[in-house]
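# Overview (structure and organization)
Each chain is listed here by its residues.
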Amino acid sequence: SKSLTADDFSGNYIHYGVREFGMTAIMNGIALHGGFVPYGATFLMFMEYARNAMRMAALMKIQNIQVYTHDSIGLGEDGPTHQPVEQIASLRLTPNMSTWRPCDQVESAVAWKLAIERKDGPTSLIFSRQNLAQQDRDAEQVANIAKGGYILKDCTGKPELIFIATGSEVELAVEAAAQLTAEGRQVRVVSMPATDTFDKQDAAYREAVLPADVTARVAVEAGIADFWFKYVGLNGRIIGMTTFGESAPAGELFKMFGFTTENVVNKAKELLA
């Protein structure tokens, strides 16, 4: 290996080629050897090829960081073979895997910090292809990101409806909430970048974010819809995927599959009727 200089970091990188399983298995070996915190990056769809090594990292409780990009039907023209639908849920359902899907650079920074601090298991960081809106937060909200789910936008008094969203769909939930608020509705938006981390919070915090007596809930995520019933209940609404994607520009796909402000508002109004 070559020595590093102030402007040459090439010795820190391994070029794996198109070899997701090998990459992740080698990362496990590096983690077990010690001295480095390994991370690898590929499209989210290709966690499928890496799955056995990724699962072993979780089972063996070793630290590595999986950076998964191009996280949804937003991948567009590459079509359904490259558009992950069920993969986020699969990661979330893997024991001892911490899975983060941030909505902007602030949530991303918090997720990265926690992944580096987490010594007893792997972390998956899931990112979109498309640009995302920066969200405004106060200091308390920034601190609460580390709890996996928190109130991003709130109303005065008790909410009559709660939106729950992650990643690129947080922006959509915020826009829908603004429209409903302008119509006189009491709406809360919960950003939930890490469901496993939120589930580990104490009952008082989880109740403060998702009060049990507010049953009108809408989850918005461009991934498999079924995962969200645990948070919205059987009578809630989920704007998510129940099929594979299609090959078309991302904007057209989001409209086709219902990821529009209009559709989110309409689903909310079904519960508020």
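Structure shown above.
Scope of this entry: the structure provided in the associated data block. (Residues numbered from 1 in each chain as written. Predicted model: local features only at pLDDT ≥ 70, side-chain atom pairs only at ≥ 80, totals over all residues. Heavy atoms only, no water.)

### Some details on the overall build of the protein chain
A tally of regular secondary structure across the protein chain gives 11 helices and 9 strands. Whereas a compact globule of 273 residues would reach a radius of gyration of roughly 19 Å, the protein chain reaches 19 Å, a difference of no more than 12%. Based on the C-alpha atoms only, the size of the protein chain along its principal axes is roughly 65 × 40 × 35 Å. Out of the 273 residues in the protein chain, the part that is buried amounts to 51%. With an accessible surface of roughly 12,800 Å², the protein chain has 55% of that area assigned to carbon and sulfur atoms. Computed over 25 positive and 32 negative side-chain charges, the inter-centroid distance for the protein chain is 5 Å. (Helix = DSSP H or I, 4+ residues; strand = E, 2+ residues; numbered from the N terminus. Rg over C-alpha atoms; globule rule 2.2 N^0.38 Å. Buried < 20%, exposed > 50% of the residue type's maximum accessible area, 1.4 Å probe, protein only. Areas by Shrake-Rupley, 256 points an atom, 1.4 Å probe, with all protein chains shown as cover. Lys, Arg positive; Asp, Glu negative; His and termini not counted. Charge placed at Lys NZ, Arg CZ, Asp CG, Glu CD.)

### A look at the packing of helix 6 (residues 170–182) against helix 11 (residues 261–272)
Any two packed helices are characterised by how steeply their axes cross, that is the angle between the axes, and by the distance between the axes. Look at helix 6 against helix 11: their axes get within 9 Å of each other, and the N-to-C directions meet at 60°. In terms of orientation, helix 6 lies oblique with respect to helix 11. As for how helix 6 packs across helix 11, the hand of that crossing is right-handed. The residues of helix 11 that touch helix 6, namely those facing Leu 172, Glu 175, Ala 176, Gln 179 and Leu 180, are Thr 261, Val 264, Val 265, Ala 268 and Lys 269. (Axes fitted to C-alpha atoms, helices over the stretch in contact; angles between N-to-C directions. Parallel < 35°, antiparallel > 145°, perpendicular 65-115°, else oblique. Left-handed = near helix turned anticlockwise from the far one by under 90°. Contact = heavy atoms within 4.5 Å.)

### A few points about the pattern of salt bridges
Where side chains of opposite charge bring their charged atoms close, a pairing between them can arise. Scanning the model with the defined rule gives 15 salt bridges in all. With a shortest N-O distance of 3.9 Å, Glu 221 and Arg 101 are connected by a salt bridge. Remark: Arg 101 occurs in the loop between strand 3 (98–100) and helix 4 (105–117) and Glu 221 occurs in strand 8 (residues 217–224); sequence separation between them is 120 residues. With a relative accessible area of 2%, Glu 221 lands in the buried category. Relative accessible area serves as the criterion here: at 1%, Arg 101 is assigned to the buried category. One salt bridge connects Glu 270 with Arg 237, and the closest N-O pair in it is separated by 2.7 Å. Of this pair, Glu 270 sits in helix 11 while Arg 237 is found in strand 9 (residues 237–241), placing the two residues 33 residues apart along the sequence. (Salt bridge = Lys/Arg side-chain N within 4 Å of Asp/Glu carboxyl O.)

### Structural notes on the packing of aromatic side chains
By the definition in use, this model includes 9 aromatic pairs. Their ring planes at 85° and their centres at 5.6 Å tell us that Tyr 39 and Trp 112 sit as a pair that is edge-to-face. Separated by 73 residues along the polypeptide, Tyr 39 in strand 1 (residues 39–43) and Trp 112 in helix 4 bring together distant segments of the chain. Judged by relative accessible area, Trp 112 falls into the partly exposed class, the value being 34%. With a centroid separation of 6.1 Å and 85° between ring planes, the pair formed by Phe 254 and Phe 259 is classed as edge-to-face. (Phe/Tyr/Trp six-rings, centres within 6.5 Å; stacked < 30°, edge-to-face > 60°.)

### So, the environment of Asp 196
Relative to the elements of secondary structure, Asp 196 occurs in helix 7 (residues 195–199). Sequence-wise, Asp 196 and Phe 127 are 69 residues apart; in three dimensions their C-alpha atoms are separated by 17 Å. The contacts of Asp 196, once residues within four sequence positions are left out, are Met 97, Ser 98 and Thr 99.

### Regarding the sheet that holds strand 9
The strand order across the open sheet built from 5 strands is 5-7-6-8-9, with neighbouring strands paired in mixed fashion. In this open sheet, the two edge strands, each paired with only one partner strand, are strand 5 (150–153) and strand 9. Going from strand to strand, the sheet's axes swing by 25° on average, the running direction of each strand aside. In this sheet, strand 9 lies alongside strand 8 in parallel orientation, the contact comprising 4 bridges. Across the sheet, the residue bridging to Val 220 is Ile 239, located in strand 9. Where helix 11 meets the sheet, its contacts fall on strand 6 (161–165), strand 8 and strand 9, and the angle it forms with strand 9 comes to roughly 150°. (Pairing = 2+ DSSP bridges.)

### Considering helix 2 (residues 47–60)
Ala 53 marks where helix 2 bends most, by close to 40°. Burial in helix 2 covers these residues: Met 47, Ala 50, Ala 53, Met 54, Ala 57 and Ala 58. Next to the buried residues of helix 2 lie helix 1 (20–33), strand 1, strand 2 (65–69) and helix 3 (87–92). Within two residues after helix 2, Lys 61 carries a phi angle of roughly 60°, on the positive side. (Bend = angle between axes of the 7 residues up to and from the residue.)

### Here's the deal with helix 4
Here helix 4 spans 18 Å end to end across 13 residues, near enough to the 18 Å set by a 1.5 Å rise per residue. Buried within helix 4 are the following residues: Glu 107, Ser 108, Val 110, Ala 111 and Ala 115. Looking down the long axis of helix 4, one finds its buried residues gathered within 165° of arc, a one-sided arrangement. A distance of 3.2 Å separates the backbone nitrogen of Val 106 from a side-chain oxygen at the start of helix 4, and that oxygen is part of Asp 104. (Expected span 1.5 Å × (residues − 1). Arc of directions from axis to C-beta. Polar contact = N/O pair within 3.5 Å; in protein donor to acceptor, adjacent residues only side chain to side chain.)

### Description of the packing of helix 1 against helix 2
Orientation of helix 1 relative to helix 2, taken along the N-to-C sense of each, is 20°, at an axis distance of 6 Å. Our classification of the angle between helix 1 and helix 2 gives roughly parallel. Seen from above, helix 1 lies across helix 2 with left-handed handedness. Here Glu 20, Phe 21, Thr 24, Ala 25, Asn 28 and Leu 32 of helix 1 lie close against helix 2, whose contacting residues are Tyr 49, Ala 50, Asn 52, Ala 53, Met 54, Met 56, Ala 57 and Met 60. For the contact of helix 1 with helix 2, the per-class residue count stands at 10 nonpolar, 3 polar and 1 charged. (Nonpolar A, V, L, I, M, F, W, Y, C, P; charged D, E, K, R; others polar.)

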